[in-house]
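Architecture at a glance
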Amino acid sequence: KAGVTQTPRYLIKTRGQQVTLSCSPISGHRSVSWYQQTPGQGLQFLFEYFSETQRNKGNFPGRFSGRQFSNSRSEMNVSTLELGDSALYLCASSSIAGGFDDEQFFGPGTRLTVL
Amino acid sequence: GENVEQHPSTLSVQEGDSAVIKCTYSDSASNYFPWYKQELGKRPQLIIDIRSNVGEKKDQRIAVTLNKTAKHFSLHITETQPEDSAVYFCAVSVEYGNKLVFGAGTILRVKS
């Protein structure tokens with residue numbers, strides 16, 4: 001079974017621009033969670049989508065948003081990029097049955113650099 | 001919100017020795033506690049997890065123990081090997097769904 005995939009793998013943007021990242025979960029998984037990883041703040045939860053609905057949200061500003069499609073693929077968008085948004089963005093998929101506290105499997109991440 | 005503290009931040013051991021990493025958490029309602037290993041430039045990989053209805057779980061050289069009363073859980077790696085060198089993260093599930101709060105990570109170095 002194919003693992004979690006993320007595109008693009010690397011991205012360079014300038015301040016003020018916006019960016020869209022994509023995540024394809026493991027086949028059959030219905031939940032996609034997004035995390036931001038930085039050396040200073042570690043791994044921080046952004047939001048979770050399950051069956052096209054946002055089920056959980058972390059403490060990030062409204063510039064960070066996401067959505068999920070009917071095939072469970074998810075996108076996250078960051079508008080008005082700031083230098084501090086430079087990070088590795090990871091998505092994780094889980095939940096065949098639709099429960100919670102499920103095993104989460106991470107994608108390879110998208111490395112975003114904001115200049 | 002949930003706070004997860006992880007210790008130590010770095011750990012150096014000799015090949016063949018054991019390594020122990022400990023995490024404490026604050027939300028007594030949490031029921032799921034996974035551990036991830038992240039090698040340089042790679043994705044976090046789930047290595048073991050434990051749920052609140054058990055106190056210990058073992059998978060070959062790796063074990064996790066959970067003390068719900070004291071709100072701490074630990075990762076034990078026995079007979080360490082150089083390929084165990086990586087950053088290890090503990091995590092705690094919070095709220096409803098699949099939201100994980102992570103510890104700050106432990107850099108494990110296994111010297112041969």
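All of the points below concern the structure found in this document. (Residues numbered from 1 in each chain as written. Chains lettered and ligands numbered in written order. Predicted model: local features only at pLDDT ≥ 70, side-chain atom pairs only at ≥ 80, totals over all residues. Heavy atoms only, no water.)

**What to know about the side chain of Asp85 of chain A**
All names here are of chain A.
- Checked against the element boundaries, Asp85 lands in the loop between strand E8 (74-78) and strand E9 (87-94).
- You can call Asp85 buried: its relative accessible area is 3%.
- Within polar-contact distance, the side chain of Asp85 engages the backbone nitrogen of Glu82 at 2.8 Å.
- Leaving out residues up to four positions away in the same chain, Asp85 has contacts with Gln36, Arg63, Phe64, Val78, Thr80, Leu112 and Val114. (Helix = DSSP H or I, 4+ residues; strand = E, 2+ residues; numbered from the N terminus. Buried < 20%, exposed > 50% of the residue type's maximum accessible area, 1.4 Å probe, protein only. Polar contact = N/O pair within 3.5 Å; in protein donor to acceptor, adjacent residues only side chain to side chain. Contact = heavy atoms within 4.5 Å.)

**A short note on the pairing of strand E4 (residues 32-38) of chain B**
Residues and elements named next belong to chain B.
- Burial analysis of E4 places seven of its seven residues in the buried class, the great majority of the element.
- Looking at chain direction, E4 and strand E5 (residues 45-51) are connected through six bridges and run antiparallel. Counterpart to Tyr36 in the pairing with E5 is Leu46.
- Hairpin connection of E4 to E5: six residues between the antiparallel strands, including Gly41 at a positive phi of 75°. (Pairing = 2+ DSSP bridges.)

**With respect to the sheet that holds strand E1 (residues 4-7) of chain B**
All names here are of chain B.
- In spatial order, the strands read E1-E3-E8-E7-E6; together these five strands make up an open sheet with antiparallel pairing. The open sheet has two edge strands with one neighbour each: E1 and strand E6 (56-59). Each neighbouring strand pair of the sheet contributes to a mean axis angle of 15°, computed without reference to strand direction.
- By the bridge criterion, six bridges tie strand E7 (residues 62-67) to strand E8 (residues 72-77) in an arrangement that is antiparallel. Each residue of the ladder has a partner; that of Thr65, found in E8, is Ser74. (Axes fitted to C-alpha atoms, helices over the stretch in contact; angles between N-to-C directions.)

**Quick look at the packing of aromatic side chains**
- Tallying each qualifying case throughout the model produces 13 aromatic pairs over all chains.
- Here the aromatic rings of Phe89 of chain B and Phe102 of chain B are separated by 6.4 Å at their centres, their planes lie at 85°, and the arrangement is edge-to-face. In this pair, Phe89 of chain B sits in strand E9 (residues 86-94) while Phe102 of chain B sits in strand E10 (residues 99-102), placing the two residues 13 residues apart along the sequence. Of the two residues, Phe89 of chain B and Phe102 of chain B, both sit in the buried class.
- The structure contains a cluster of three or more aromatic residues connected by ring pairs, namely Tyr35, Phe45 and Phe106 of chain A together with Tyr36, Phe89 and Phe102 of chain B.
- Looking at Arg55 of chain A, its charged tip hangs above the ring of Phe50 of chain A, at a distance of 4.4 Å from the centre. (Phe/Tyr/Trp six-rings, centres within 6.5 Å; stacked < 30°, edge-to-face > 60°. Lys NZ or Arg CZ within 6 Å of the ring centre and 35° of its normal.)

**Observations concerning unusual backbone geometry**
- With an omega dihedral of -10°, the bond running from Thr7 of chain A to Pro8 of chain A counts as a cis peptide bond.
- With respect to the element layout, Pro8 of chain A can be found in the loop between strand E1 (5-7) and strand E2 (10-13).
- Cis geometry is adopted by the peptide bond preceding Pro8 of chain B, which originates at His7 of chain B and carries an omega value of -5°.
- Relative to the helices and strands, Pro8 of chain B is located in the loop between E1 and strand E2 (10-14).
- For Glu52 of chain A, which is not glycine, the phi torsion reads 70° and is therefore positive.
- In this fold, Glu52 of chain A is placed in the loop between strand E5 (42-50) and strand E6 (53-57).
- The phi dihedral of Ser72 of chain A falls on the positive side, at around 75°, and the residue is not glycine.
- The residue Ser72 of chain A is located in the loop between strand E7 (64-68) and E8 in this model.
- Classification of Ser72 of chain A by relative accessible area gives buried; the value is 11%.

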